[in-house]
There are 4 protein chains.
Amino acid sequence: MAGSRFAYVKNFELPDRLLPGTFLVLRVDGHSFHRFSTEHGFSKPNDERALCLMDHAARDVMDEFKDIVLGFGESDEFSFVFRKSTSLYNRRHAKILSTVTSLFTSSYLFRWSTHFPETPLRYPPSFDGRIVLYPSEKEVQDYFAWRQADTHANNLYNTAFWALVQRGNQTTTEAHASLRGTMASQKHELLFSRFGINYNDLPSRYRKGSVLLREEDEASASLPGDDTSNVEQDQEHPCQGIHNANVAAPDEAPRETVPQISKQGDAKRDRKTRVSPTIVKVLHCDIIRADFWLARPDLLSG
Amino acid sequence: MAGSRFAYVKNFELPDRLLPGTFLVLRVDGHSFHRFSTEHGFSKPNDERALCLMDHAARDVMDEFKDIVLGFGESDEFSFVFRKSTSLYNRRHAKILSTVTSLFTSSYLFRWSTHFPETPLRYPPSFDGRIVLYPSEKEVQDYFAWRQADTHANNLYNTAFWALVQRGNQTTTEAHASLRGTMASQKHELLFSRFGINYNDLPSRYRKGSVLLREEDEASASLPGDDTSNVEQDQEHPCQGIHNANVAAPDEAPRETVPQISKQGDAKRDRKTRVSPTIVKVLHCDIIRADFWLARPDLLSG
Amino acid sequence: MAGSRFAYVKNFELPDRLLPGTFLVLRVDGHSFHRFSTEHGFSKPNDERALCLMDHAARDVMDEFKDIVLGFGESDEFSFVFRKSTSLYNRRHAKILSTVTSLFTSSYLFRWSTHFPETPLRYPPSFDGRIVLYPSEKEVQDYFAWRQADTHANNLYNTAFWALVQRGNQTTTEAHASLRGTMASQKHELLFSRFGINYNDLPSRYRKGSVLLREEDEASASLPGDDTSNVEQDQEHPCQGIHNANVAAPDEAPRETVPQISKQGDAKRDRKTRVSPTIVKVLHCDIIRADFWLARPDLLSG
Amino acid sequence: MAGSRFAYVKNFELPDRLLPGTFLVLRVDGHSFHRFSTEHGFSKPNDERALCLMDHAARDVMDEFKDIVLGFGESDEFSFVFRKSTSLYNRRHAKILSTVTSLFTSSYLFRWSTHFPETPLRYPPSFDGRIVLYPSEKEVQDYFAWRQADTHANNLYNTAFWALVQRGNQTTTEAHASLRGTMASQKHELLFSRFGINYNDLPSRYRKGSVLLREEDEASASLPGDDTSNVEQDQEHPCQGIHNANVAAPDEAPRETVPQISKQGDAKRDRKTRVSPTIVKVLHCDIIRADFWLARPDLLSG
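Conventions adopted
Residues numbered from 1 in each chain as written. Chains lettered and ligands numbered in written order. Predicted model: local features only at pLDDT ≥ 70, side-chain atom pairs only at ≥ 80, totals over all residues. Heavy atoms only, no water. Contact = heavy atoms within 4.5 Å. Buried area = accessible area lost by both parts, 1.4 Å probe. Salt bridge = Lys/Arg side-chain N within 4 Å of Asp/Glu carboxyl O. Polar contact = N/O pair within 3.5 Å; in protein donor to acceptor, adjacent residues only side chain to side chain. Nonpolar A, V, L, I, M, F, W, Y, C, P; charged D, E, K, R; others polar. Least-squares fit on C-alpha atoms with pLDDT ≥ 70 in both. UniProt positions renumbered as here; feature names shortened; annotations may be inferred. Helix = DSSP H or I, 4+ residues; strand = E, 2+ residues; numbered from the N terminus. Buried < 20%, exposed > 50% of the residue type's maximum accessible area, 1.4 Å probe, protein only. Pairing = 2+ DSSP bridges. Axes fitted to C-alpha atoms, helices over the stretch in contact; angles between N-to-C directions.

Things to note about the interface of chain C and chain B
Accessible area lost upon the coming together of the parts is a frequently used measure of interface size.
Okay, so step 1: The partner chain B presents nine residues to the nine residues of chain C that form the contact.
Okay, so step 2: For the pair chain C and chain B, the summed buried area comes to about 890 Å², and 65% of that belongs to carbon and sulfur atoms.
Okay, so step 3: For the chain C face of the interface with chain B, the top three residues by lost area are Phe12(C), Leu14(C) and Arg17(C), together amounting to 52%.
Okay, so step 4: For the pair chain C and chain B, the number of links is zero salt bridges.
Okay, so step 5: Linking chain C with chain B are four residue pairs in polar contact (both at pLDDT 80 or more).
Okay, so step 6: Looking at the side of chain C that touches chain B, its residues break down into five nonpolar, two polar and two charged.

Rendered as structure tokens:
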């Protein structure tokens, strides 16, 4: 063939298989979303539409990659954990990282108009991604706890900050100065005493982020043994377009799920481990305390 | 801080800096685009709109990442080479790979309606990406020659194949059988004798793919020493929306370039190496023969 | 400084930290030991001196690197597992791999004359090494079972092979042909019927390899809960020079342990995890069945 | 086979091929040689015997690995560069690193008694090793310049330091204090004015380290175009046992070269590139200035 004398360049591609038997945690992060959110008029400190859009993109990703067993999102980031035995793309690092980040990005744009029907995109947003390997369940649980603790801290800070700016008439510089060095309890107190805000009454979505996991399609309201006391359902803050799993939003073409990778994904995963069809459910529950994991003993076992 | 007892999980992130002094070649590939092209009614063997859309996304990427010195695209793939001294993101592998793949994807969707105004997206397309390191200019040149040789071979095959199907009334199975084992010269002969097609008269875009490189904004029509005899300009097949560099298509919001990464990119590259503003130009010229490189002795030197 | 303009070359050294929380298994293998054993007159199928020399070198390694919790050797190879929390050399891959392989090699030569007092070294032998990461205890146990199963298979084959050659007057080619395709049971039968050898009466060192682990210096003869029925002590085949742990062989200089790395090693490991001094003990016991691990529940826990 | 149910553990071994087309620089470093040199009575600041032993081990390595084109040693370290096209062990990182470090270590012990006939080894010394990749000749030249600049700086300091201690009756603490912050010129002056030492008259081996390269076996005294003014031959300070290449020292067994890897090494390298037999020669010449490289234009070309 004509090109064969150049084909040696393919020899520079090096294998990059990820260590077997470890959990893959893939996190996507919005690139320069501070600016993106300003340019597109996101509400501060939280924009319901933007959070629902993130959840929507994440659910598209989990619909496509069945070996993702759990997702967690806050602000402009989302984390996914693949079961440790996944053989997706033979565990090739670049292939998994780039494909998942690309699909998340693509869904973010594809679902944009559903969640921001009045706001045209002014330029294409992008995300970076990374994969971190964790050898044991304990570390995966602590990873998610780490992200949710981050959600708590950020949201408390941002809520106090924007209260000072929007209702306290401080400049952003002044607001930062007001909050410098304060403890969580002081921010709670400030919100309550100055603005009458009981922080714990804020929507759980803002305080706890979004937890995405699979349930069987019969969709029993609660899993056996589930401690529903710390589960706050999506119903509290329904997202337009993704509220009840895969129901298409009216302004979308009928073919709205993401089909192209499905066959390969199906072929590669062990069919025996997942027999019944599942749907991805969005919760805003605590995942720091052990209850969440105790109620789902098989979540990370596969 | 509340989350500090979990922060140890960050310790599992391992550094992934790419070897300094080597060229980074990043290639994105459409994921399951055989199906995607069918579902969205792409013309066969080549869809002018789809190729222009790829070029458009690629140019957005090159507008954003100034250390990319050359791009080459064909079909549903695009390759970019970064100058070997790039310190983009401190040469972190996952960061570069995921961000570039994400932006390419994002631009592909963002520009979709410009190139397919009549065809709504039915589902979000995705791309995978990979980075390969090349130590020397010779290997980079051979890499691009390898891709363009691939373009030649694929396009000749596909042109003959679809002629047999569309005009020769063969089934796809019959057409594959007709072409099995044929030499390039036999396919040329078949196209000419049976269908009156002189293969070399086909648009250079189809036969040679798209070559994206930077020119100074004064945009002299030809570079000094350039052998224009093998350069076929974009004018032959103008792409809607990207024809003359950054001119916005009319149906887009005025703010159409990709701003969010620019500042960082600017800060990180060596300002001395690129003083004058450049625009990205699309050519459909030969890059296998030495002429292309001889006319641009500094292209890979930086 | 004079050399500072060249110091940029240090920037090409890339970090290579091994994933935390995983067991490091390091295996050294004799390089071209088929020839080495022939040139130095090793007995076939097993040379007691050579095996004791390997054990001796392995014990030097374990005396030096306190985070190795278990070693297993057969023929010209030895495997070591580091506890999963080891922070030796900050888990730098090349540093650990090269230093341990080097020390093993060095000890092999240093101890040579103890075990081969009549046989001068004709040329310097070498070993290669590799590190494999295992995320869980189960995989580490299976790794060691894999090596011991290999010992069984190889030793049975070699015992039958050399019986045919040495006592059956077959050529090596004929002996290989005789054994081709035979089952283990057939080799047992052949050894017994033709040569009166009851394979299971052969020294356990030959059949099971060498298991090196730590015991407290009080050196109680058996660990609590140990199933001694499958433990065959070193006493059966005492090794000259290493028989009872660190007692120096008479023909060695008094200073015979390996001091140079100790301080660093001590400094780096967590002092709390190993309080009492330990000695390395050599056993020739079964490590395939669960008993070995059940008797030592903490062996891989650290 | 009995062990097959455990063989899955082999799947955790990940490929580690080094990027093609790059120079491999492998450096071995003595482990805790400060102590080792004290325990074995090395002369300060330089021990002729110890340096010759290092050269000897290095030459054994280069006799074995024909793709090493240049070596450089000082103190307790040695660097080797493999030609960039080497396919040794399919460029597997751990295999190359561990085998070369092991052979260097092994030769160091094997040759010990030749260079230290009166000094028995008290314990086994070890070396660590690392491999760094360099994409171009320029960087390899700068790497070696960096090491030789280090030799200059260290040797000047050590010479001054030990003069102050041995002849100036300073304590080591005082000597360090005397030298703190001094320029090179001040150390030259101190050596000359206080101790009558003209630094530049010291043996070139001490000031410039050892440069090992191959010459054809006809061993013409000078290479064509060689600038012999900066080449100081080994004859000035002959090393016992390695003076004229592979001549065996009298107290060694006749079979003193390292045979075991040779066949594989020969098979793997491109026979066309090295037709005539070569010997490894030890020089103590300048490799910082361009002359060395200009005189050997093909040294790094292969």
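Description of the relation of the copies chain C and chain B
Okay, so step 1: Once chain C has been moved 0.0 Å along the axis and rotated by 180°, it coincides with chain B to within an RMSD of 0.0 Å. Taken together, the rotation and translation relating the two chain copies correspond to the operation of a two-fold axis. Taking C-alpha positions as the reference, the residue of chain C nearest the rotation axis is Pro15(C), at 3.4 Å.
Okay, so step 2: A shared interface surface links the copies, since 100% of the contact residues of chain C are contact residues in chain B too.

Some details on the UniProt feature "binding site: Mg(2+) 2" (unreviewed entry) in chain A
Residues and elements named next belong to chain A.
Okay, so step 1: Residues annotated in UniProt with the feature "binding site: Mg(2+) 2" (unreviewed entry) correspond here to Asp29 and Asp76. These annotated residues cover 48 residues of sequence, and their C-alpha atoms lie no more than 5.9 Å from one another, placing them together at a single site.
Okay, so step 2: As for its position among the elements, Asp29 is in strand β1 (residues 23-30).
Okay, so step 3: Exposure remark for Asp29: the relative accessible area of 17% places this residue in the buried category.
Okay, so step 4: Excluding residues within four positions of it along the chain, Asp29 makes contact with Asp76, Glu77, Ser126, Phe127 and Asp128.
Okay, so step 5: A polar side-chain atom of Asp29 sits 3.3 Å from a polar atom in the side chain of Arg27.
Okay, so step 6: Not counting residues within four places of it along the chain, the set of residues in contact with Asp76 comprises Val28, Asp29, Gly30, Phe33, Met54 and Phe127.

Some details on the sheet that holds strand β1 (residues 23-30) of chain B
Residue and element names in this part refer to chain B.
Okay, so step 1: In space, the six strands of this open sheet follow the order β4-β1-β3-β2-β5-β6, with antiparallel pairing throughout. Looking along the sheet, the strands with just one partner apiece sit at the ends: β4 (127-134) and β6 (278-283). Pairwise comparison of adjacent strand axes, ignoring direction, gives a mean angle of 20° for this sheet.
Okay, so step 2: When β1 meets strand β3 (residues 77-82), the two strands line up antiparallel, connected through six bridges. Paired with Leu24 across the two strands is Phe82, which belongs to β3.
Okay, so step 3: Across the face of the sheet, helix α3 (residues 93-110) comes into contact with β1, β3 and β4 while running at roughly 135° to β4.

Some thoughts on the interface of chain A and chain B
Okay, so step 1: Opposite the 61 residues of chain A that make contact, chain B presents 61 residues.
Okay, so step 2: Regarding the contact of chain A and chain B, the summed buried area is about 5300 Å², with carbon and sulfur atoms giving 63% of it.
Okay, so step 3: At the junction of chain A and chain B, the tally comes to six salt bridges.
Okay, so step 4: The closest approach of N and O atoms between Glu13(A) and Arg130(B), which form a salt bridge, is 3.1 Å.
Okay, so step 5: At the boundary of chain A with chain B, the tally comes to 18 residue pairs in polar contact (both at pLDDT 80 or more).
Okay, so step 6: Put simply, the parts of the chain that give the side of chain A that touches chain B at least two residues each are α1 (33-39), α3 (93-110), β4 (127-134) and α5 (137-166) of chain A.
Okay, so step 7: For the side of chain A that touches chain B, the element with the highest residue contribution is α3(A), accounting for 13 residues.
Okay, so step 8: Grouping the constituent residues of the side of chain A that touches chain B by class yields 30 nonpolar, 15 polar and 16 charged.

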